[in-house]
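# Overview (structure and organization)
Here's the letter readout for the chains.
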Amino acid sequence: MKGNPRRSIVAFSRSGCSSGAKGDFTFGAADISKMASQKRSSKHREKTAIPAGLIVPELYSTATRGDFELIRAERFNALALWGLPEEFVSNFEPVSHWSACEEAFLGMVFKQREGRKFGCAIFARDAEGRTRELAHMVSMPTARAAEDAMRKTRCSEFEELLANRSFPALKSGMDLFQKFPRVSNYQPAYRYLRDGARQSAAKRIMQEIAKWVPDRDGNFVRDFQTTGYSARVWELYLYAAMRELNFSIDLDHAVPDFCLSRGEDKVFVEAVTVNSPDPLSAAMGDGPPPLPPEDFWAFIENEMPVRFGSPLFSKVQKKYWAALHVQGHPFVLAIADFHARSSMIWSHTAVPIYLFGRGASVTIDDNGTKRGTEKIVNVFHGARKSIAAPFFDQPDTENISAVLFSNAGTISKFNRMGVRAGFGDRFVQLTREGGLNDPHPGAFEAIPFRVDIESASYSENWADELEMYHNPKALHPIADELFPGITHFRIEDDESIWRGPSPRVLFSWTHSVDLLSRPIPGQRQKSSTAPRTPAKKSRPKTVKRK
């Protein structure tokens, strides 16, 4: 390091940022490889070399305060996660997060995952408003030293650097709320999001994410505002969840929707939804979620599998796995249910029934406790058609490595994550209510929960509710480790097995209360804020956990 050690700018080096979504992080391959692979002998592990020219008492003195202040990890991630590449996240872990000058600049102190080196990085927005890495400092002796350097850093030290910065080109992202001429049939849920206070946190975080997602087919934004609202929300959710799982996302190909990579592994994902005949009204509605069908189990074991089956079958017919860039790699279908308002609260029970052909016989013991035992279901009779085999037993499905599912890839997820990041109207309160899995063998009923989204004890991740159903006949199987932290379902030794976090959310709904009682966009009457009381149905716990 050269120059005046009192100015932290001398400790930072410029970064040549490329596409964060593809993993070309600004530290450069040489920096990451050197830091990640550096191994020290045990006799040196108690020492950390002082970089040449470093005047420790002055550089790390806390007497001089700069512009950077600590912020929550949720806030930093909402602004910067989308550009962090998988190489960096794989090799380094965050220690603390910072911002300065009304978030014109962000900062991160990080630690080498396998080693004892620390560093810090400065981030700023490019011309399209995407948060990208601007400069970095490495080889700091301790986290405290790195944080002291952040505390004394001033925005003025980077303003000139930013003004002269020419970030490597990226494809332009989307403005989800751009105006289209001659469009009048806006989705009511879109109007609610665009103009209302209750989902203002969702709107803000969706805008941040969309800056990184190009409109490859030219229809994404228009669909999002009109007849494809739910399907496009699902796609944007998958992008957020996959970035959180530290996948690089290559969006150069129009189909399939996502090319995911981490290290040497590559997976292709195509999004699909179960839609309503009237998509303009099914996405939202006021009041509590509607009750499930009266004859619940007959519907779940027959009609609902047929509804899942139709869009999945249509995707199989397209044979995405035959494309040259997909051949030889795992291919996944990611499905969500939007066939009726809030139907995902209870329809998730049908997913393993249709995919594996495994249902449940429900009994009540002497204590009045419901228990489920596994049964085989080979034929599904819907109101308009029947399906003669479970999905993974159908022709060509050996090319489908797995089916990915979540009943939380909705606008409520964006709203909760936005509030956790500090976005949204300050007079709107969110409460989440639902059911957790009961880990006891044979347990059938969900464990109820209710929590304030802004509670200090509450945390939530994008991928929390994701479930992967592995095809036992897949030509290209997927290891559980490639999708860590989610729930995996498999057939092993002719038994249904699941592995994943426990307890976990099986289903939930989110209450929003506007303390100012402002009118809801597009509605003449104010919504009821009375407690919601839908029937609580949970996934049958007939599978063993390993």
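Presented here is an overview of the structure given in this document. Values in this document were obtained by computation on a predicted structure and should not be read as measured data. (Residues numbered from 1 in each chain as written. Predicted model: local features only at pLDDT ≥ 70, side-chain atom pairs only at ≥ 80, totals over all residues. Heavy atoms only, no water.)

## Thoughts on the state of the cysteines
- According to the stated counting rule, one finds one disulfide in the structure shown.
- Through a disulfide, C101 is tied to C155; the S-S separation comes to 2.0 Å. The S-S bond linking C101 to C155 shows a torsion near 120°; that makes this disulfide right-handed. Pair noted here: C101 is in the loop between β3 (92–100) and β4 (105–112) and C155 is in the loop between α5 (143–151) and α6 (156–163), with a separation of 54 residues, a long-range link.
- Residue C101 is classed as partly exposed on the basis of its relative accessible area of 36%. (Disulfide = S-S within 2.5 Å. Helix = DSSP H or I, 4+ residues; strand = E, 2+ residues; numbered from the N terminus. Buried < 20%, exposed > 50% of the residue type's maximum accessible area, 1.4 Å probe, protein only.)

## Digging into the packing of aromatic side chains
- According to the stated counting rule, one finds 26 aromatic pairs in the structure shown.
- A ring pair is formed by W82 and W462, whose centres lie 6.2 Å apart and whose planes are at 70°; its orientation type is edge-to-face. Of this pair, W82 sits in the loop between α3 (73–80) and α4 (86–91) while W462 sits in the loop between β17 (447–452) and β18 (467–470), and the two are 380 residues apart along the sequence.
- Under the relative-accessibility criterion, W82 is labelled buried at 0%.
- By way of ring pairs, the aromatic residues Y354, F356, F380, F391, F392, Y469 and F489 are connected into one cluster.
- In this arrangement the basic side chain of R130 is found over the ring face of W212, its NZ or CZ atom lying 5.9 Å from the centre. (Phe/Tyr/Trp six-rings, centres within 6.5 Å; stacked < 30°, edge-to-face > 60°. Lys NZ or Arg CZ within 6 Å of the ring centre and 35° of its normal.)

## Digging into the pattern of salt bridges
- Applying the stated criterion to the full structure yields 35 salt bridges.
- Residues E301 and K375 are paired through a salt bridge, measuring 3.3 Å at the closest nitrogen-oxygen approach. Residue E301 is located in helix α12 (residues 296–317), and its partner K375 is located in strand β12 (residues 370–376); the two are separated by 74 residues in the primary sequence.
- For E301, a relative accessible area of 12% corresponds to the buried category.
- Residue classification places K375 among the partly exposed residues on the basis of a relative accessible area of 29%.
- Put simply, D393 and K473 hold a salt bridge, and the shortest N to O gap is 2.8 Å. Taken as a pair, D393 in the loop between β14 (386–387) and β15 (402–405) and K473 in the loop between β18 and β19 (487–492) lie far apart in primary sequence, 80 residues in all. (Salt bridge = Lys/Arg side-chain N within 4 Å of Asp/Glu carboxyl O.)

## Some remarks on the nonpolar core
- Within the largest apolar cluster, 85 residues are counted, with the highest numbers of intra-cluster contacts made by M206, M242, F414, W462 and F483.
- Here this core gets 10 residues from one element, more than from any other, and that element is helix α10 (residues 229–244).
- Among residues more than four places away in sequence, those in contact with M206 are L176, L193, F224, V233, L236, I411 and F414.
- Membership of the second largest hydrophobic core comes to 40 residues, among which are F268, V272, V306 and I353. (Core = buried A, V, L, I, M, F, W, Y, C linked by side-chain atoms within 4.5 Å. Contact = heavy atoms within 4.5 Å.)

## Re the environment of N275
- Take N275: it is sitting in strand β9 (residues 265–275).
- With relative accessibility at 48%, the residue N275 sits in the partly exposed group.
- Beyond its immediate chain neighbours, meaning those up to four positions away, N275 contacts F338 and H339.

## Section: the packing of α10 against helix α15 (residues 411–420)
- For the pair α10 and α15, the least separation of the axes is 9 Å and the interaxial angle reads 45°. By the angle between their axes, α10 is oblique relative to α15. The residues of α15 that touch α10, namely those facing Y229, V233, L236 and Y237, are I411, K413 and F414.
- Per-class residue counts for the contact of α10 with α15 are six nonpolar, no polar and one charged. (Axes fitted to C-alpha atoms, helices over the stretch in contact; angles between N-to-C directions. Parallel < 35°, antiparallel > 145°, perpendicular 65-115°, else oblique. Nonpolar A, V, L, I, M, F, W, Y, C, P; charged D, E, K, R; others polar.)

## Some details on α15
- Among the 10 residues that make up α15, nine are buried, leaving the element largely enclosed by the rest of the structure.
- Taken residue by residue, α15 has I411, K413, F414, N415, R416, M417, G418, V419 and R420 as its buried positions.
- Each element contacted by the buried residues of α15 is listed here: α3, α7 (188–195), α8 (200–210), α10, β16 (428–436) and β21 (505–514).
- G422 sits one or two positions beyond α15 and adopts a positive phi of about 90°.

## A closer look at α6
- Looking at α6, one finds that the buried residues are E157, F158 and L161. Angular distribution of buried residues about the axis of α6 spans 65°; they occupy a single face of the element. Exposed and oriented more than 90 degrees from the buried face of α6 are E160 and A163. (Arc of directions from axis to C-beta.)

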